[in-house]
Amino acid sequence: MSDAAASAVRHRAFSPARIFAITTNTLTELTRQKVFNVILIFGLLLIGSSLFMARFSFQQEFQILKDVSLGVMSILSSLLAIVATARLIPQDIEDRTIYTILAKPVPRFEYLLGKLFGVLLLLAISIALMSALFVAVLYLREQAVLNETLRQVSRPPGEQLDAALNAVRVAGLKIDILAGIAVIFFKACLLAALTLFVSTFATTNIFAIIVMVSVYFIGHLQATAREYWLEQQSAGWIAHVFLAIVALIFPDLQAFNLVDEVVAGVAIPLALFAKTALLGLFYIAIYTLAATFVFYGKEL
Amino acid sequence: MLLAFGVMKLPAERALSLQHRSRSPGQFADIVNLDLHEKIGQLGFVAALSGFRAMLADFLFIKAHVAWERTEWGRVLFLFRQVTTLQPHVPLFWDMAAWHMAWNASAAAMNDQSQPRLALRVKAQREYFALGKDFLERGIENNPDKPQLYEALARLYREKFNDHVRASEFFGKAAALPGAPSYDKRFSAYELSYCEGREPEAYERLRALYDEGEKERLPTLIRRLKFLEGKLNFPPEQRIPDKER
């Protein structure tokens, strides 16, 4: 058997190693673009809001700290997912890197998967860092308030002290927040997969970003459009068709807004969390499949 | 392909959405209704529907705080109505809204130097009490499992309406919920001891607490027990020992 034939035999149709190589390369590339600056923005926002909130009671302070931190985390991760993914394919085409990669025996879906996993890894690292920062600030504030309470109620009836400490703990850090953060991650992954799909037919990254920002807003209204469509509340057939298109094409991003409930102290049942995660994975799979389908038909 | 995917995803999305709505009744309807649209304006409405509801509510809450510092009571009321419409499942916002109305705004109305007529000042004060009560009742409707709001309503009945029956009832409701402070049960019994005609029931409840041991034998509890024993003409042998007085 010749070397060429042996090499062809060794070449596998699907190789996790090749995907891993593209993933690490994508992550390195994105890191060099200083995308982690979002963490800096997040940190500054946290510190800034902590200073500003000195005038509030601890319940108000914790409520705002959680709302703002998780809200900013959601916005930054969504933006990061869109901006980081939108530039991947157009940039590779512009730099002609894509031709070097695809000239090798790398199937196009592996290339796409590698790129997507690179962004997902970046999102995971970013969200983990932001979460660590948020949890640390909240924990430190909670401890400070607990110590202050203990100091102020110096000779308390045990019951009063227990009630005061319990009030601080109820308002402070809870494990449920992690479920909310996980859902933020799923939402960002979904947006990354959808951006990848858009960027397979977009000619510039600006176009992909504009489309995705529109999708972001429409996605949050999709549930409303869907309900109106299914409940036959639309006026005419034009509105009916329009609502149907919105409901069928766009993802329901409102389903991923569990954070508000978590901050309000409403526990997320495991079943609901699992269903939301499954829906997220389903979206990611379908959009990646659609991206692969379009990318295979793309003339490069 | 996308349309086929849309048809596939629809049942899952709908089921999830229904589950969300069943857990947070009223929230979906509130968020898309025209009332909210009118209250928070076009930009706020879009922001609320775009996943920034909590941050928008916080922003309005901070504005309400500033309005309170400036004693702009009409604005405080307006902003708290927006905040509680946006975030009906945060008890803190209902509690704060009620506190501002029933305690702060009502006191300001009573001390309003620009209104020389006492009757009108009292009327304004009562209107603020009613606004506070309304916030708490709607808060309880949206958060029936949060003892904090029942407790706040009980305090409002006790301190502003002088209605000990309702105060006792709401302290009792708070005490029955998980996570309620242990004093709610005792407060419920205290309030009942002030109600004409309910003395035997109040005594029974206070005595049960007394019998739980030293931890419950607080000065107010003993004082109320002694008062009721006198009022109900208990024979000396049935009364609690004097050393507890």
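Criteria and thresholds
- Residues numbered from 1 in each chain as written.
- Chains lettered and ligands numbered in written order.
- Predicted model: local features only at pLDDT ≥ 70, side-chain atom pairs only at ≥ 80, totals over all residues.
- Helix = DSSP H or I, 4+ residues; strand = E, 2+ residues; numbered from the N terminus.
- Buried ≥ 20, exposed ≤ 12 C-beta atoms within 10 Å, placed from the backbone.
- Contact = placed C-beta atoms within 7 Å.
- Nonpolar A, V, L, I, M, F, W, Y, C, P; charged D, E, K, R; others polar.
- Expected span 1.5 Å × (residues − 1).
- Axes fitted to C-alpha atoms, helices over the stretch in contact; angles between N-to-C directions.
- Parallel < 35°, antiparallel > 145°, perpendicular 65-115°, else oblique.
- Left-handed = near helix turned anticlockwise from the far one by under 90°.
- Bend = angle between axes of the 7 residues up to and from the residue.
- Core = buried A, V, L, I, M, F, W, Y, C linked by C-beta atoms within 7 Å.
- pLDDT = per-residue confidence, 0-100.

## Concerning the overall build of chain A
Each helix and strand counted, chain A has 13 helices and zero strands in total. Listing each helix as α and each strand as β along chain A from the N terminus yields α-α-α-α-α-α-α-α-α-α-α-α-α. The 300 residues of chain A split such that 40% are buried. By sequence separation, contacts in chain A at least 24 residues apart represent 81% of the contacts at least 6 residues apart.

## Thoughts on the overall build of chain B
Across its full length, chain B carries twelve helices and zero strands. Buried positions account for 39% of the 245 residues belonging to chain B. Taking as baseline every contact in chain B between residues at least 6 positions apart, the subset at least 24 positions apart corresponds to 47%.

## Description of unusual backbone geometry
Residues and elements named next belong to chain B. Phi at Thr 71 takes a positive value of approximately 50°, unusual for a residue other than glycine. Inspection of the secondary structure assignment puts Thr 71 in the loop between helix 4 (53-69) and helix 5 (73-86). Thr 71 gets classed as exposed once you count the C-beta atoms within 10 Å, which come to 11. We note that Asn 233 has phi near 55°; this positive angle belongs to a residue other than glycine. Looking at the element boundaries, Asn 233 is found in the segment after helix 12 (219-231).

## Observations concerning the interface of chain A and chain B
Each partner contributes residues to the interface: chain A has 36 residues there, and chain B has 30 residues. Those elements giving two or more residues to the side of chain A that touches chain B turn out to be helix 4 (58-86), helix 8 (158-171), helix 10 (205-230), helix 11 (237-249), helix 12 (259-263) and helix 13 (270-297) of chain A. Residues that form the side of chain A that touches chain B fall into these classes: 20 nonpolar, nine polar and seven charged.

## Observations concerning helix 13 of chain A
With 28 residues, helix 13 of chain A extends 41 Å from end C-alpha to end C-alpha; this agrees with the ideal 40 Å at 1.5 Å per step. Along helix 13 of chain A, the residues classified as buried are A:Thr276, A:Leu279, A:Gly280, A:Tyr283, A:Ile284, A:Ile286, A:Tyr287, A:Ala291 and A:Thr292.

## A look at the packing of helix 5 of chain B against helix 6 (residues 91-110) of chain B
Residue and element names in this part refer to chain B. At a minimum axis distance of 10 Å, the contact between helix 5 and helix 6 shows a crossing angle of 165°. In terms of orientation, helix 5 lies roughly antiparallel with respect to helix 6. Judged by the twist between their axes, the crossing of helix 5 over helix 6 is left-handed. Of the residues in helix 6, those in contact with Trp 73, Val 76, Leu 77, Phe 80, Val 83 and Thr 84 of helix 5 are Phe 93, Trp 94, Ala 97, His 100, Met 101, Ala 105 and Ala 108. Each residue belonging to the contact of helix 5 with helix 6 can be placed in one class, and the counts come to eleven nonpolar, two polar and no charged.

## Notes on helix 6 of chain B
All names here are of chain B. In a regular helix each residue adds 1.5 Å, so 20 residues correspond to 28 Å; helix 6 covers 27 Å between its end C-alpha atoms and thus fits that length. Its maximal kink placed at His 100, helix 6 deviates by approximately 30°. Of all 20 residues making up helix 6, 14 are buried, and the element is well covered by its neighbours.

## A short note on the nonpolar core
If you look at the biggest cluster of nonpolar residues, it comprises 125 residues, and the most contacted ones within it are A:Leu123, A:Cys189, A:Ala192, A:Ala193, A:Met212 and B:Leu153. Among the elements that line this core, the one with the most residues is helix 9 (residues 176-201) of chain A, at 16 residues. Apart from the residues lying within four places of it in its own chain, the contact partners of A:Met212 are A:Ile82, A:Ala86, A:Leu191, A:Leu194, A:Thr195 and A:Val198. Within the second largest apolar cluster, five residues are counted, among which are A:Ala225, A:Trp229, A:Ala247 and A:Leu248.

## Some thoughts on the confidence of the model for chain B
The predicted model of chain B averages 86 in pLDDT, with 88% of residues at 70 or higher. Confidence estimates for the predicted assembly give a pTM of 0.82 and an ipTM of 0.76.

## Some words on the packing of helix 4 of chain A against helix 9 of chain A
Residues and elements named next belong to chain A. It is at 8 Å that the axes of helix 4 and helix 9 come closest, and there the two elements cross at 25°. On the basis of their axis angle, the class for helix 4 and helix 9 is roughly parallel. By crossing handedness, the relation of helix 4 to helix 9 is classed as right-handed. In this structure, helix 4 uses Leu 70, Met 73, Ser 74, Ser 77, Ser 78, Ala 81, Ile 82, Thr 85 and Ala 86 to contact helix 9, whose residues at the interface are Gly 180, Ile 184, Lys 187, Ala 188, Leu 191, Ala 192, Thr 195, Leu 196 and Ser 199. Of the residues that constitute the contact of helix 4 with helix 9, the class distribution is ten nonpolar, seven polar and one charged.

## What to know about the environment of A:Leu46
Residue and element names in this part refer to chain A. Along the polypeptide, Leu 46 turns up in helix 3 (residues 37-52). Overall, Leu 46 belongs to the buried group, with 21 C-beta atoms counted inside 10 Å. Sequence separation between Leu 46 and Ile 89 is 43 residues, and the spatial gap between their C-alpha atoms is 34 Å. Residues in contact with Leu 46, not counting those within four places in the same chain, are Ser 69, Leu 133, Phe 134 and Val 137.

## Examining the confidence of the model for chain A
In this model, chain A carries a mean pLDDT of 84, and residues with pLDDT of at least 70 account for 91%. Across chain A, the secondary-structure element scoring lowest on mean pLDDT is helix 1 (residues 3-10) of chain A, at 57, and the one scoring highest is helix 9 of chain A, at 92.

## A word on the environment of B:Gly179
Residue and element names in this part refer to chain B. Along the chain, Gly 179 falls in the loop between helix 9 (164-175) and helix 10 (183-193). Looking at Gly 179, the number of C-beta atoms within 10 Å reads 12, which means it is exposed. Distance from Gly 179 to Tyr 210, taken between C-alpha atoms, is 22 Å for residues 31 residues apart in sequence.

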